[in-house]
Amino acid sequence: MIQAEVAAFADELRDFRRDIHAHPELSYQEFRTTEKIAERLTAAGLKPRLLEGTGLTVDVGSGPVKCGLRADIDALPLDDLTDTPFASTVPGVAHACGHDVHLTSLMGAALVLNEIDRRQGLGGTIRCIFQPAEEVTPGGALKVINQGVLEDVPVCYALHCDPAVDVGKVGSRIGAITAAGDTVIIRLCGHGGHTSRPHLTEDLVYALGKLAVDLPATLHRLIDPRHAISLVWGAIEAGHAPNVVPGEGQLMGTLRCLDVDGWNQVAEVLPELVDRIAGPYGVEVELEHRRGVPPVVNTEDEVSSAEAAIRRELGPTSVQLTPQSMGGEDFAWYLTHVPGALIRLGTRTPGGRTYDIHQGDLLIDEDALPVAVRVFTALALERLGFHGEP
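Only a predicted model underlies this, so the values are computations on that prediction, with no experimental measurement involved.

### Structural notes on the overall build of the chain
Phase 1 of the analysis: Looking only at helices and strands, one finds nine helices and 16 strands in the chain.
Phase 2 of the analysis: By the compact-globule yardstick of 21 Å for 390 residues, the chain fits well, its C-alpha radius of gyration being 24 Å.
Phase 3 of the analysis: Counting only C-alpha atoms and orienting by the principal axes, one finds that the chain spans roughly 85 × 45 × 40 Å.
Phase 4 of the analysis: In the chain, buried positions account for 54% of the 390 residues.
Phase 5 of the analysis: In the chain, 81% of the contacts between residues at least 6 apart in sequence involve partners at least 24 apart.
Phase 6 of the analysis: Total accessible area on the chain is roughly 16,400 Å²; 51% of this is exposed by carbon and sulfur atoms.
Phase 7 of the analysis: The averaged location of the 54 negative side-chain charges in the chain is 3 Å from the averaged location of its 32 positive side-chain charges.

And the structure:
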């Protein structure tokens, strides 16, 4: 049990998280956040490596790297609607996804591991990765991976706040835990005309309607349903008057998938399907398919190892099966290079309200923070071969 080790930093970490929460920064703008983390790690005698732009890594211990631990550090472009004393002081920017908890808990784990290393040696190195820009597509993960953060890293773990799980528990599963997430935009052009003479022009709105209905349905028939393809439109735009056939319009939506093979298959068939559906109406078609992130696919051995470590630390009933999410998470890019797992961190007060992430009113039970530090630390110690008291 490392609870006592974590307790020594609990008050400091709570205050640090509140400070970060009050001063959120958007993707690739996390300069203050990076500086604050680096200052604290340096004060502990560690040697953080600043990444290009924003973000940093720090190695704790010596010898071969045994494990990577990753936390994202950016905030979201929305207003903080809470009334806490540490609510965002930046209009239109808020830590409404829990990244302030992620980064603070990873920093806490680095401090705890550093103390253990000072006392008795870790017998290996743990690399802590503080990654910028998770909230943009295709994610800051690609940029930091290209800077060598996974060099010599054999396995990597991440935590993500889950306000549907009680504090003191975590959610886990083998296989896909999040989905691939792409943006699909289809633009149609025609000559336009009068609604009394649709046969003399391209009936653009009708063509948009056919695409809106038929494209998702056709994808479900052409691609194995076990890939869990989801194409959902968020906006349809065309026209300004009831008796005018417009000359242009567009559909905008998101394409999600729980399987890498299905994700790649969709990319191949989508252009042909769009042309096939819109073709009879004579409109010009422009398809913009913005590839996002692949699904996060947790590997079996790493999930088993993580669950064993967490149960030893938090108790035998602390791990529960978490449902798959159709949301995207750029930690997926790490797992295209090394095995690993994304673990859901419970942040709901037992018996309290279930909040949702990416909402300005999100409240996280602060008791989740020391739990997160314990989880990160337990995952690291498991990979280092500690199975008793550190």
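### With respect to the nonpolar core
Phase 1 of the analysis: Within the largest apolar cluster, 60 residues are counted, with the highest numbers of intra-cluster contacts made by I37, L41, L69 and F130.
Phase 2 of the analysis: No other element matches the eleven residues that helix α9 (residues 368-384) contributes to this core.
Phase 3 of the analysis: Apart from the residues lying within four places of it in its own chain, the contact partners of I37 are F16, L56, I73, L103, M107 and F130.
Phase 4 of the analysis: Residues V153, L270, A278 and F331 belong to the second largest nonpolar core, which totals 48 residues.

### Considering the pairing of strand β5 (residues 156-166)
Phase 1 of the analysis: Along β5, nine of the eleven residues are buried, which leaves the element largely enclosed by surrounding structure.
Phase 2 of the analysis: As judged from the three bridges shared by strand β3 (residues 65-72) and β5, these two strands associate in the parallel manner. What sits directly across from G68, in β5, is C156.
Phase 3 of the analysis: Pairing between β5 and strand β16 (residues 340-348): eight bridges, direction parallel. Across the sheet, the residue bridging to C161 is L345, located in β16.

### Section: helix α7 (residues 260-278)
Phase 1 of the analysis: Helix length check: α7, at 19 residues, gives a terminal C-alpha distance of 27 Å against a target of 27 Å (1.5 Å per residue), a fit within 8%.
Phase 2 of the analysis: The sharpest bend along α7 reaches about 40 degrees and sits at V269, with the proline P271 one to four residues further on.
Phase 3 of the analysis: Three or more residues of α7 are buried, namely G262, W263, V266, V269, L270, L273, V274, I277 and A278.
Phase 4 of the analysis: Those residues of α7 hidden inside the fold are in contact with β8 (180-189), α6 (204-222), β12 (248-257) and β13 (284-293).
Phase 5 of the analysis: A distance of 2.9 Å separates the backbone nitrogen of D261 from a side-chain oxygen at the start of α7, and that oxygen is part of D259.

### Considerations on the domain arrangement of the chain
Phase 1 of the analysis: When the domains of the chain are assigned, the result is domain 1 (1-178 + 296-384) and domain 2 (184-292).
Phase 2 of the analysis: Centre-to-centre separation of domain 1 and domain 2, based on C-alpha positions: 39 Å.
Phase 3 of the analysis: If you look at the interface, domain 1 gives ten residues, while domain 2 gives eight residues.
Phase 4 of the analysis: Of the roughly 620 Å² buried between domain 1 and domain 2 on both sides combined, carbon and sulfur atoms contribute 70%.
Phase 5 of the analysis: Of all residues in domain 1, the largest losses of buried area upon contact with domain 2 belong to T137, M326 and W333, amounting jointly to 60% of the total for that side.
Phase 6 of the analysis: Summed over the shared surface of domain 1 and domain 2, the number is zero salt bridges.
Phase 7 of the analysis: Run the count over domain 1 and domain 2 and you get one residue pair in polar contact (both at pLDDT 80 or more).
Phase 8 of the analysis: Partitioning the side of domain 1 that touches domain 2 into residue classes produces four nonpolar, six polar and no charged.

### Describing the sheet that holds β8
Phase 1 of the analysis: Taken together, four strands build an open sheet; the order of strands is β10-β12-β8-β13 and the sheet is antiparallel. The sheet is open, and its two borders are formed by β10 (230-238) and β13, each paired with just one other strand. Between one strand axis and the next, the sheet turns through 15 degrees on average, direction left out of account.
Phase 2 of the analysis: The pairing of β8 with β13 spans eight bridges and is antiparallel. Paired with G181 across the bridge in β13 is V293.
Phase 3 of the analysis: Relative to β10, α6 is tilted by about 175 degrees, and along the sheet it contacts β8, β10 and β12.
Phase 4 of the analysis: Lying over the sheet, α7 contacts β8, β12 and β13, oriented at roughly 165 degrees with respect to β13.

### Observations concerning the UniProt feature "domain: Peptidase M20 dimerisation" (unreviewed entry) in the chain
Phase 1 of the analysis: Sites flagged by UniProt as "domain: Peptidase M20 dimerisation" (unreviewed entry) map to residues 187-277.
Phase 2 of the analysis: Secondary structure across residues 187-277 divides into 41% helix and 29% strand, with the first and last C-alpha atoms of the span separated by 13 Å.

### Brief notes about the sheet that holds strand β4 (residues 125-131)
Phase 1 of the analysis: Pairing in this open sheet of eight strands is mixed, and the strands run β1-β2-β4-β3-β5-β16-β6-β15 from one edge to the other. In this open sheet, the two edge strands, each paired with only one partner strand, are β1 (49-50) and β15 (319-321).
Phase 2 of the analysis: Strands β1, β2 (56-61) and β4 of the sheet are contacted by helix α3 (residues 31-43), whose axis makes an angle of about 20 degrees with β2.

### Considerations on the side chain of R348
Phase 1 of the analysis: Relative to the helices and strands, R348 is located in strand β16.
Phase 2 of the analysis: Of the polar contacts made by the side chain of R348, one reaches the side chain of D166; its length is 2.8 Å.
Phase 3 of the analysis: Beyond its immediate chain neighbours, meaning those up to four positions away, R348 contacts D162, P163, A164, V165, D166, V167, R353, T354 and D365.

What counts and what doesn't
- Residues numbered from 1 in each chain as written.
- Predicted model: local features only at pLDDT ≥ 70, side-chain atom pairs only at ≥ 80, totals over all residues.
- Heavy atoms only, no water.
- Helix = DSSP H or I, 4+ residues; strand = E, 2+ residues; numbered from the N terminus.
- Rg over C-alpha atoms; globule rule 2.2 N^0.38 Å.
- Buried < 20%, exposed > 50% of the residue type's maximum accessible area, 1.4 Å probe, protein only.
- Contact = heavy atoms within 4.5 Å.
- Areas by Shrake-Rupley, 256 points an atom, 1.4 Å probe, with all protein chains shown as cover.
- Lys, Arg positive; Asp, Glu negative; His and termini not counted.
- Charge placed at Lys NZ, Arg CZ, Asp CG, Glu CD.
- Core = buried A, V, L, I, M, F, W, Y, C linked by side-chain atoms within 4.5 Å.
- Pairing = 2+ DSSP bridges.
- Expected span 1.5 Å × (residues − 1).
- Bend = angle between axes of the 7 residues up to and from the residue.
- Polar contact = N/O pair within 3.5 Å; in protein donor to acceptor, adjacent residues only side chain to side chain.
- Domains from an automatic or database assignment.
- Buried area = accessible area lost by both parts, 1.4 Å probe.
- Salt bridge = Lys/Arg side-chain N within 4 Å of Asp/Glu carboxyl O.
- Nonpolar A, V, L, I, M, F, W, Y, C, P; charged D, E, K, R; others polar.
- Axes fitted to C-alpha atoms, helices over the stretch in contact; angles between N-to-C directions.
- UniProt positions renumbered as here; feature names shortened; annotations may be inferred.

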